[in-house]
Amino acid sequence: MTSVRDIPTQRVGVQAPPAARSVRLTKVFGEGDTRVVALDAVDVAFRAGQFTAIMGPSGSGKSTLMHCMAGLDAVTDGHAHIGDTELSSLNDRQLTMLRRDKIGFIFQAYNLLPTLTALENITLPMDIAGRRPDQAWLDTVIDTVGLRPRLNHRPSELSGGQQQRVACARAMANRPEIIFADEPTGNLDSKSGADVLAFLRRSVMEMGQTIVMVTHDPVAASYADRVLFLADGRIVDEMLSPTRERVLERMKAFDRQPEA
Ligand SMILES: Nc1ncnc2c1ncn2[C@@H]1O[C@H](COP(=O)(O)OP(=O)(O)OP(=O)(O)O)[C@@H](O)[C@H]1O
Ligand SMILES: [Mg+2]
């Protein structure tokens, strides 16, 4: 198994502490016959200002890793850190505040509130926190994801792709320290997907945003600085400066030699 090395990118100083990391992170679901080891002692670090893609077969633990790292799900063993904070050291209230202030999460299922409009969904985390949005930034986010004409519609009046874009905008709106995105472009047509990816890329390049993104799409992965490959709850490979072609080749190799 290839260990995950802490390789600095050109944009990130060697001394920069990771924005998030895990230590022997283990997640087990169920017991007895239904026991599933979704994450098997995963050690991983996500550098500040780096864009990481996570790939791997369905059921390999990608969503579970994101949920545990973002404090949305308790770990069975090991630790998850956001910056200097070890998540299991926090009580419920502290964890809620950390998630609200420091983490943006784009869910695989969009998790929008059905009774709120698109705009209200986007600004919800800030409204809960009693914080006024930075209007210029909010406008940039809304225009980038192309939602301006749909802002007053409710999720039931939006297409799947439009709902996904609301979820993306919500995660970006209060400029969190780290964004976890679980297949943020999975339901988008290629033009909307490219717009969202280009925006994520730009926020990394220009503002030092840290992003961890699950994807099945080699094109989406090629926007990242590195790709981690997961299989059976373990990180089995890492690729730096990925291109679509190299990612495709790597995926084919996985298909030929499935991990035990
Ligand atoms: N709440 C749960 N209860 C029981 N098992 C679960 C639960 N959530 C996930 N699992 C199991 O854990 C494993 C990893 O699931 P996970 O959702 O992390 O996979 P994934 O890599 O995100 O897959 P996909 O690409 O299909 O989204 C799977 O075997 C799944 O069935
Ligand atoms: Mg998943």
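You'll find the structure just up there.
Model, not experiment: these values are computed from the prediction. (Residues numbered from 1 in each chain as written. Chains lettered and ligands numbered in written order. Predicted model: local features only at pLDDT ≥ 70, side-chain atom pairs only at ≥ 80, totals over all residues.)

Undergrad: In this structure, what is going on with the sheet that holds strand β1 (residues 18-29)? I would like to understand it.
TA: Remark on secondary structure: sheet strands pair via backbone hydrogen bonds, oriented parallel or antiparallel. Spatially, the four strands line up as an open sheet ordered β2-β1-β4-β5, and their pairing is antiparallel. The two strands at the open ends of the sheet, each matched to only one other strand, are β2 (36-47) and β5 (85-86). Across two bridges, strand β4 (residues 77-82) lies against β5 in antiparallel orientation. Of the residues in β5, the one forming a bridge with His 81 is Glu 86. (Pairing = 2+ DSSP bridges. Helix = DSSP H or I, 4+ residues; strand = E, 2+ residues; numbered from the N terminus.)

Undergrad: Sorry if this is basic, but what is going on with the packing of helix α4 (residues 135-144) against helix α5 (residues 160-173) here?
TA: Between two packed helices, the angle of one axis relative to the other and the distance separating the axes together describe the packing. Look at α4 against α5: their axes get within 10 Å of each other, and the N-to-C directions meet at 155°. With respect to each other, α4 and α5 are oriented roughly antiparallel. Note that α4 runs across α5; the crossing there is right-handed. Residue-level contacts link Leu 138, Val 141 and Ile 142 of α4 to Ala 169, Met 172 and Ala 173 of α5. For the contact of α4 with α5, the residue count by class is six nonpolar, no polar and no charged. (Axes fitted to C-alpha atoms, helices over the stretch in contact; angles between N-to-C directions. Parallel < 35°, antiparallel > 145°, perpendicular 65-115°, else oblique. Left-handed = near helix turned anticlockwise from the far one by under 90°. Contact = placed C-beta atoms within 7 Å. Nonpolar A, V, L, I, M, F, W, Y, C, P; charged D, E, K, R; others polar.)

Undergrad: Which parts of the structure should I look at to understand the packing of helix α3 (residues 118-129) against α5?
TA: Running from N to C, α3 and α5 cross one another at 30°; their axes reach a closest spacing of 8 Å. In terms of orientation, α3 lies roughly parallel with respect to α5. For the pair α3 and α5, the crossing hand works out as right-handed. Contacts between α3 and α5 involve Ala 118, Asn 121, Ile 122, Thr 123, Leu 124, Pro 125 and Met 126 on the former and, on the latter, Val 166, Ala 169, Arg 170 and Ala 173. When the residues that make up the contact of α3 with α5 are grouped by side-chain class, the tally is eight nonpolar, two polar and one charged.

Undergrad: How do you make sense of helix α6 (residues 190-207) when you look at a structure like this?
TA: Residues spaced three or four apart along an α-helix point in a common direction, a consequence of the helix completing one turn every 3.6 residues. A rise of 1.5 Å per residue sets the reference length of α6, with its 18 residues, at 26 Å; its end C-alpha atoms lie 25 Å apart and thus fit the reference within 8%. Burial in α6 covers these residues: Gly 193, Val 196, Leu 197, Leu 200, Ser 203 and Val 204. Angularly, the buried residues of α6 cover 120° about the axis, an arc narrow enough to put them on a single face. For α6, the exposed residues set more than 90 degrees away from the buried face come down to Lys 191, Ala 198, Glu 206 and Met 207. Residues of α6 that are buried make contact with β3 (51-55), α5, β8 (210-214) and α7 (218-221). Within two residues after α6, Gly 208 carries a phi angle of roughly 70°, on the positive side. (Expected span 1.5 Å × (residues − 1). Buried ≥ 20, exposed ≤ 12 C-beta atoms within 10 Å, placed from the backbone. Arc of directions from axis to C-beta.)

Undergrad: Can you help me understand the site of ligand 1 in this one?
TA: Contacts to ligand 1 come from 13 residues, most closely from Phe 29, Ala 38, Ser 58, Ser 63 and Thr 64. Residue assignment for the shell around ligand 1 shows that the elements contributing at least two residues are β2 and α1 (62-69). The greatest single-element share of the shell around ligand 1, amounting to three residues, is contributed by α1. Partitioning the shell around ligand 1 into residue classes produces three nonpolar, nine polar and one charged. (Near = placed C-beta within 6 Å.)

Undergrad: How should I be thinking about the sheet that holds strand β9 (residues 226-231) in this particular structure?
TA: The six strands are arranged β6-β7-β8-β3-β9-β10 in an open sheet whose pairing can be described as mixed. At either margin of the open sheet sits one strand with a lone partner, and together these are β6 (103-106) and β10 (234-240). When the angles between neighbouring strand axes are averaged without regard to direction, this sheet yields 15°. Bridge analysis of β6 against strand β7 (residues 178-182) gives four bridges, and the strand direction is parallel. Pairing of Ile 103 across the sheet is with Ile 178, part of β7. Lying over the sheet, α5 contacts β6 and β7, oriented at roughly 175° with respect to β6.

Undergrad: Can you walk me through α3 in this structure?
TA: Taken together, the buried positions of α3 are occupied by Ala 118, Asn 121, Ile 122, Thr 123 and Pro 125. Looking at the buried positions of α3, the neighbouring elements they touch are α2 (92-102) and α5. After α3 finishes, the residue Gly 130 shows a positive phi value of roughly 70°.

Geometric values such as these leave the question of function open.
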